[in-house]
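Residue-level structural notes
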Amino acid sequence: MSYIVTASSGHLGGLIVDALLARGAAPDSVVATARDTAKIQAFADRGITTATLDYSKPETIASAIGAGDTVILVSSDAVGQRLEQHSAVVDAAKAAGAARIIYTSAPKADDTALILAPDHKATEEYIAASGVPFTFLRNGWYTENYAGEVAKGRDSGEITASVGEGRVASASRKDYAEAAAAAALDESTTGKTYELSGDSAWNWNELAETISGIVGTPVVYRALTPEEHAAQLASFGLDEGTVGFVVALDGNIRDGLLEATSGDLTALIGRPTTPLAEGLAAAQ
Ligand SMILES: NC(=O)c1ccc[n+]([C@@H]2O[C@H](COP(=O)([O-])OP(=O)(O)OC[C@H]3O[C@@H](n4cnc5c(N)ncnc54)[C@H](OP(=O)(O)O)[C@@H]3O)[C@@H](O)[C@H]2O)c1
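Residues numbered from 1 in each chain as written. Predicted model: local features only at pLDDT ≥ 70, side-chain atom pairs only at ≥ 80, totals over all residues. Heavy atoms only, no water.

1. Quick notes on the packing of aromatic side chains
Using the following cut-off: Any two of the Phe, Tyr and Trp rings considered here, Trp counted by its six-membered ring, make a pair once their centres fall within 6.5 Å; the pair's planes then place it as stacked at under 30 degrees, edge-to-face at over 60, or tilted in between. A run of H or I in DSSP becomes a helix once it reaches four residues, and a run of E becomes a strand once it reaches two; helices and strands are each numbered from the N terminus. Accessible area is worked out with a 1.4 Å probe on protein chains only. A residue is then buried under 20% of its type maximum, exposed over 50%, and partly exposed in between.
Under the criterion given, the structure shown has 5 aromatic pairs. Here the aromatic rings of Tyr146 and Trp204 are separated by 5.5 Å at their centres, their planes lie at 85°, and the arrangement is edge-to-face. One end of the pair, Tyr146, is in the loop between strand E6 (134-139) and helix H6 (147-156); the other, Trp204, is in helix H8 (residues 204-215), with 58 residues separating them in the sequence. The same class applies to Tyr146 and to Trp204, which are both buried. Members of the aromatic cluster, connected to one another through ring pairs, are Tyr146, Trp202 and Trp204.

Spelled out as structure tokens, the structure:
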């Protein structure tokens, strides 16, 4: 029985492999997978088994998963194809007789207006209907999503967004990765859904203050209306679809959809989540 980690060429998947080993998984029980194993050669160099697993190539998924395995399914980044890709992994896990699927989902995936949630809700439903035992890890926002704001604050003295007074309970990818490893190594998490997020939720004035502390010069938050935000993004050359997506996401934050602090993440990893300042500084 092995721990099969998907998308381990990505940030989260790679950190999950590291976290499994750090939390005591036997090195020969961990299989790092990616659609291109050249990208995970560093794991092979450390003696970790690697395998090809491409969400869009069912034959690769079937050969990577065996009976009794725990599959840690990191959600795909191919928005629009995700349900089909995730379903292929679920089908293969079921056919192989996998012990469990651990899926990285989104906050309150089954009951939220979050623009990114529909794929996650549909994937959760597909997994639940498959009969394969599961654990849903509804990951909140990564602190690293805001790493780029540090440079903006440094260069212009301001950060802009249309989030109003909205708050985000972000945590570092490493925190979420540790949660995935902890869930994989603890059978009692089977059948449970966790709402994972940082211990505290910050707003954009606090983000600006934090960035100011990192760059050493004053940084302020300038609130934009959604219309001003859309015009600003278009002036940067972003296409219409991306502009609409970013403005809608800021609307979701304004509406409080990413501010919940359930404590589930700290409980799973057994330590406080990484504070915003520390997470942002580490991402520079
Ligand atoms: N909660 C948040 O704030 C947040 C933010 C961004 C994304 N996400 C979600 O969380 C996931 C993990 O985040 P991350 O930071 O690790 O993203 P990332 O570093 O961009 O990694 C994405 C991973 O998905 C892999 N992938 C894409 N298509 C694939 C396919 N057909 N078969 C197998 N693997 C495929 C990529 O493989 P390659 O290396 O071959 O490209 C890469 O390993 C993302 O995919 C996205 O669904 C969450």
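The discussion continues.
2. Here we look at the pattern of salt bridges
Quick note on the threshold: The term salt bridge refers to a side-chain nitrogen of Lys or Arg lying within 4 Å of a carboxyl oxygen of Asp or Glu.
Within this structure, the stated rule accounts for 14 salt bridges. Glu124 is the salt-bridge partner of Arg138, the closest N and O atoms lying 2.8 Å from each other. With Arg138 in strand E6 and Glu124 in helix H5 (residues 117-130), this pair connects stretches of sequence that are 14 residues apart. Judged by relative accessible area, Arg138 falls into the buried class, the value being 7%. Take Glu124: its relative accessible area is 5%, and that puts it in the buried class. Notably, a salt bridge pairs Arg138 with Glu195, separated by 2.7 Å at the nearest N-O pair. Placement of Arg138 in strand E6 and of Glu195 in strand E9 (residues 193-196) is noted, with a sequence separation of 57 residues between them.

3. Remarks on the nonpolar core
The test is simple: Within this scheme, the nonpolar core is defined by two criteria: the residues are buried Ala, Val, Leu, Ile, Met, Phe, Trp, Tyr or Cys, and they are joined through side-chain atoms within 4.5 Å. By definition in these notes, contact holds between two residues if any of their heavy atoms fall within 4.5 Å.
Core analysis: the largest hydrophobic core is formed by 53 residues, its most contacted members being Ile16, Leu20, Ile65, Ile72, Val89, Leu137 and Leu196. Looking at this core element by element, the count peaks at 7 residues for helix H7 (residues 173-185). If we skip the residues at most four places from it in the chain, Ile65 touches Val71, Val89, Ala92, Ala93, Ala96 and Ala98.

4. Regarding the sheet that holds strand E5 (residues 100-105)
Strands pair in a sheet through their backbones, by hydrogen bonds, and they do so in one of two ways: parallel or antiparallel. For clarity, the threshold we go by: Here, strands pair whenever DSSP counts at least two bridges between them. Lines fitted to C-alpha atoms define the axes here, with helix axes fitted over just the stretch in contact, and angles between the N-to-C directions of these axes take values from 0 to 180 degrees.
Strand order in the open sheet formed by 7 strands is E3-E2-E1-E4-E5-E6-E9, with parallel pairing between adjacent strands. With partners counted over all chains shown, the strands left at the sheet margins are strand E3 (49-52) and E9, one partner each. Taking each pair of neighbouring strands and ignoring which way they run, the sheet shows an average axis angle of 20°. As paired strands, E5 and E6 are joined by 5 bridges and run parallel to one another.

5. Digging into the site of the ligand
Here is the rule: Near, as used in this document, describes a residue that has one of its heavy atoms within 4 Å of the molecule or strand being considered. Polar contacts, as used here, are pairs of N or O atoms within 3.5 Å; protein pairs need one atom able to donate a hydrogen and one able to accept it. Residues neighboring in sequence count only if both atoms are side-chain atoms. Accessible areas in this description were obtained via Shrake-Rupley with a 1.4 Å probe; residue shielding takes into account the shown protein chains only. Three classes are used: nonpolar for Ala, Val, Leu, Ile, Met, Phe, Trp, Tyr, Cys and Pro, charged for Asp, Glu, Lys and Arg, and polar for all others, with Gly counted as polar.
Around the ligand, the surrounding shell holds 22 residues, and the nearest of these are Ser9, His11, Leu12, Ser75 and Asn145. The backbone of Leu12 places a nitrogen or oxygen atom 2.7 Å from an oxygen atom of the ligand. Within the contact set of the ligand, an oxygen atom lies 2.8 Å away from a backbone nitrogen or oxygen of Ser76. When the ligand sits alone it has 890 Å² of accessible area, and the protein chains cover 82% of it. Elements supplying a minimum of two residues to the shell around the ligand: helix H1 (11-22) and helix H4 (82-96). Grouping the amino acids of the shell around the ligand by side-chain chemistry returns 7 nonpolar, 9 polar and 6 charged.

6. Structural notes on empty space enclosed by the protein
Selection rule: Space inside and on the surface of the protein is sampled on a 1 Å grid over the protein atoms alone, with a cavity defined as a set of points where a 1.4 Å probe fits but cannot get out and a pocket as an open set with protein on both sides within 12 Å along at least 5 of 7 lines; lining residues have an atom within 4 Å of a point. Grid points are joined across faces, edges and corners, and a volume is the space filled by probe spheres set on the points.
Summed over all chains, the structure comprises 1 cavity of 30 Å³ or more. Size it by volume and the largest cavity reaches roughly 100 Å³. Residue composition of the lining of the largest cavity, grouped by class: 7 nonpolar, 3 polar and 3 charged.

7. Some words on the packing of helix H9 (residues 226-235) against helix H10 (residues 240-254)
To keep it simple, the criterion reads: Here a crossing is taken to be left-handed if its near helix is turned anticlockwise relative to the far helix by less than a right angle, and right-handed if that turn runs clockwise.
Running from N to C, H9 and H10 cross one another at 145°; their axes reach a closest spacing of 9 Å. Along this stretch, H9 crosses H10, giving a crossing that reads as right-handed. In this structure, H9 uses Pro226, His229, Ala230, Leu233 and Ala234 to contact H10, whose residues at the interface are Val243, Val246, Val247, Asp250 and Arg254. Split into classes, the residues belonging to the contact of H9 with H10 amount to 7 nonpolar, 1 polar and 2 charged.

8. Concerning the side chain of Thr135
Inspection of the secondary structure assignment puts Thr135 in strand E6. When its relative accessible area of 0% is taken as the criterion, Thr135 is described as buried. In terms of polar contacts, Thr135 uses its side chain to reach the side chain of Arg100, at 2.7 Å. Sequence-distant contacts of Thr135, that is, excluding residues within four places in its chain, are made with Arg100, Ile101, Ile102, Tyr103, Ala183, Thr189, Thr190, Gly191, Lys192 and Tyr194.

Honestly, that's just the spatial picture; any functional story needs more than this.
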